[in-house]
Amino acid sequence: MGTRSQKQSNKEQEPLRFETKLLHFGGEIDRATGASSVPIYQASTFHHDDVFNPPLHDYSRSGNPTRQALEDYIAILEGGARGFAYSSGMAAISSSFMLLSAGDHMIVTEDVYGGTYRLLTSILNRMGIETTFVDMTDLNEVKAAWKPNTKAVYIETPSNPTLKITDVAAVTEWAKEHELLTLLDNTFMTPYYQRPIEFGVDIVIHSATKFLGGHSDVLAGLAVARTHELGERLKALQNGLGTVLGVQDSWLLMRGMKTLSARMAHSEQSAAKLAAWLQGRSDIERVYYPGLLNHPGREVHEKQASGYGAVVSFDVGSGERAKQVLNKVQLPLVAVSLGAVESILSYPAMMSHAAMGETVRHERGITDGLLRFSVGLEDIDDLIADLDQALRA
Ligand SMILES: *Cc1c(COP(=O)(O)O)cnc(C)c1O
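Residues numbered from 1 in each chain as written. Predicted model: local features only at pLDDT ≥ 70, side-chain atom pairs only at ≥ 80, totals over all residues. Heavy atoms only, no water.

## Concerning the overall build of the chain
For the chain, the helix and strand inventory stands at 15 helices and 12 strands. In terms of overall size, the chain behaves like a compact globule, its C-alpha atoms giving a radius of gyration of 21 Å where 393 residues would be expected to give roughly 21 Å. Residues counted as buried form 52% of the 393 residues belonging to the chain. Considering only contacts in the chain between residues 6 or more positions apart, those separated by 24 or more positions represent 71%. Of the roughly 17200 Å² of accessible surface on the chain, 51% is carried by carbon and sulfur atoms. (Helix = DSSP H or I, 4+ residues; strand = E, 2+ residues; numbered from the N terminus. Rg over C-alpha atoms; globule rule 2.2 N^0.38 Å. Buried < 20%, exposed > 50% of the residue type's maximum accessible area, 1.4 Å probe, protein only. Contact = heavy atoms within 4.5 Å. Areas by Shrake-Rupley, 256 points an atom, 1.4 Å probe, with all protein chains shown as cover.)

And the structure:
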């Protein structure tokens, strides 16, 4: 252990690169036994050997060593002061929104995740928290939405499912002038490609159910606070609301996260190939992928992210054709969700965005022919051949 701690002090002198940090995040070796993974502390409470000298953790809602290792892990990856793990992405989002109070107003990107939209418009509105949805690719719209009671800005970039890009530095710079809290849902990019805290964002949120977990087998959420002060406030909310992640899922999530860079790099290469192939077809109306040369947000995206991700959306022309493709594909899961080792093909109009009124849905480019392809680790030529036969059917 002595040489290991020696190495660790060297690490401080030369910062480790992201891919190395994924494996050497500080909690990779059990201090007590040297075991090669964090133990699962399946315990709800902790014995006080001396009541005057309480143990580090006293009750697992307030803190558990397995969950703590995960929380430290995501904080390191995002470059924030403190991390938190929740029972789902929505638990991370709703807990973070509890930083606001009745009478507060929030500016939110209009193509926010469907569950977040529902939370804001059917639950938080009843608690006196007001929201204005704006096209966040246009900073003027963001500015125009400001009111004296505005307290926060909520960003998602790239957005779902049409992959619109928000200029994170520009929005946070303006938000800071007005002393607004900035929150960003980083689910699609993950810290492998995009670390919003480096651009001034206060709280980064993940549905870790997607790329971070990566195997369609665990539901989890994560949040990272930029400062210790904000971390303290999030900690009080996580403990007060009880929205914590269980220890088995905490362990499973860490296991998935260790391979994040390998999975993302492979899937991105395949996604780029798929996007180019789709764009070359005359029977596809539109392709949405930030890596395409004609993507309107490409330049902004390249300022704030080091890659384009693994999600490609495309319009096959009609609802009838979209349903035919969904029923004919053999390889991808046909399902909601994304970001897994297996490819997942979704139909936003009837799945993630089914609750949205048709007019609003169409205005936001979520047409009846739109499909969203989350590219997994299969051989891309097999995926393309499969999609080709489904499109021809
Ligand atoms: C899935 C998802 C969520 C919600 O996360 P859950 O883990 O399903 O609760 C939030 N934001 C984005 C972008 C998502 O894709």
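## Things to note about the packing of helix α11 (residues 260-279) against helix α15 (residues 380-392)
In contact at an axis separation of 10 Å, α11 and α15 are set at 30 degrees when each is read in the N-to-C sense. If you check the angle between α11 and α15, you find them roughly parallel. The hand of the α11/α15 crossing is right-handed. Listed contacts from α15 to S270, K273, L274, W277 and L278 of α11 are I380, D381, I384, L387, D388 and L391. Each residue belonging to the contact of α11 with α15 can be placed in one class, and the counts come to seven nonpolar, one polar and three charged. (Axes fitted to C-alpha atoms, helices over the stretch in contact; angles between N-to-C directions. Parallel < 35°, antiparallel > 145°, perpendicular 65-115°, else oblique. Left-handed = near helix turned anticlockwise from the far one by under 90°. Nonpolar A, V, L, I, M, F, W, Y, C, P; charged D, E, K, R; others polar.)

## Observations concerning the packing of aromatic side chains
Per the stated rule, a full pass over the model turns up six aromatic pairs. A ring pair is formed by F18 and Y192, whose centres lie 5.9 Å apart and whose planes are at 50 degrees; its orientation type is tilted. Of this pair, F18 sits in helix α2 (residues 18-21) while Y192 is found in helix α8 (residues 190-193), placing the two residues 174 residues apart along the sequence. As far as the burial class goes, F18 and Y192 line up, both buried. Measuring from ring centre to ring centre gives 3.7 Å for F25 and Y73, while their planes differ by 20 degrees; the resulting arrangement is stacked. Residue F25 is located in the loop between α2 and α3 (65-78), and its partner Y73 is located in helix α3; the two are separated by 48 residues in the primary sequence. A relative accessible area of 7% means that F25 is categorised as buried. Relative accessible area serves as the criterion here: at 0%, Y73 is assigned to the buried category. Grouped by ring-pair contacts, the aromatic residues F18, Y192 and Y193 constitute a single cluster. (Phe/Tyr/Trp six-rings, centres within 6.5 Å; stacked < 30°, edge-to-face > 60°.)

## Quick look at the site of the ligand
Surrounding the ligand, one finds 14 residues, the nearest of these being G89, M90, D185, T209 and K210. Note that a nitrogen atom of the ligand is positioned 2.6 Å from one of the side-chain N or O atoms of D185. Contact distances for the ligand include 2.9 Å between an oxygen atom and a side-chain N or O atom of S207. Out of a free accessible area of 380 Å², the ligand has 92% covered by protein chains. The site holding the ligand turns out to be the largest pocket. Considering every element that reaches the shell around the ligand, the biggest residue donor is helix α4 (residues 89-97), with three residues. Of the residues that constitute the shell around the ligand, the class distribution is six nonpolar, five polar and three charged. (Near = heavy atom within 4 Å. Polar contact = N/O pair within 3.5 Å; in protein donor to acceptor, adjacent residues only side chain to side chain. 1 Å grid on protein atoms, 1.4 Å probe; cavity = no way out; pocket = protein on both sides within 12 Å on 5 of 7 lines; lining within 4 Å. Sits in = over half its atoms within 2 Å of the grid points.)

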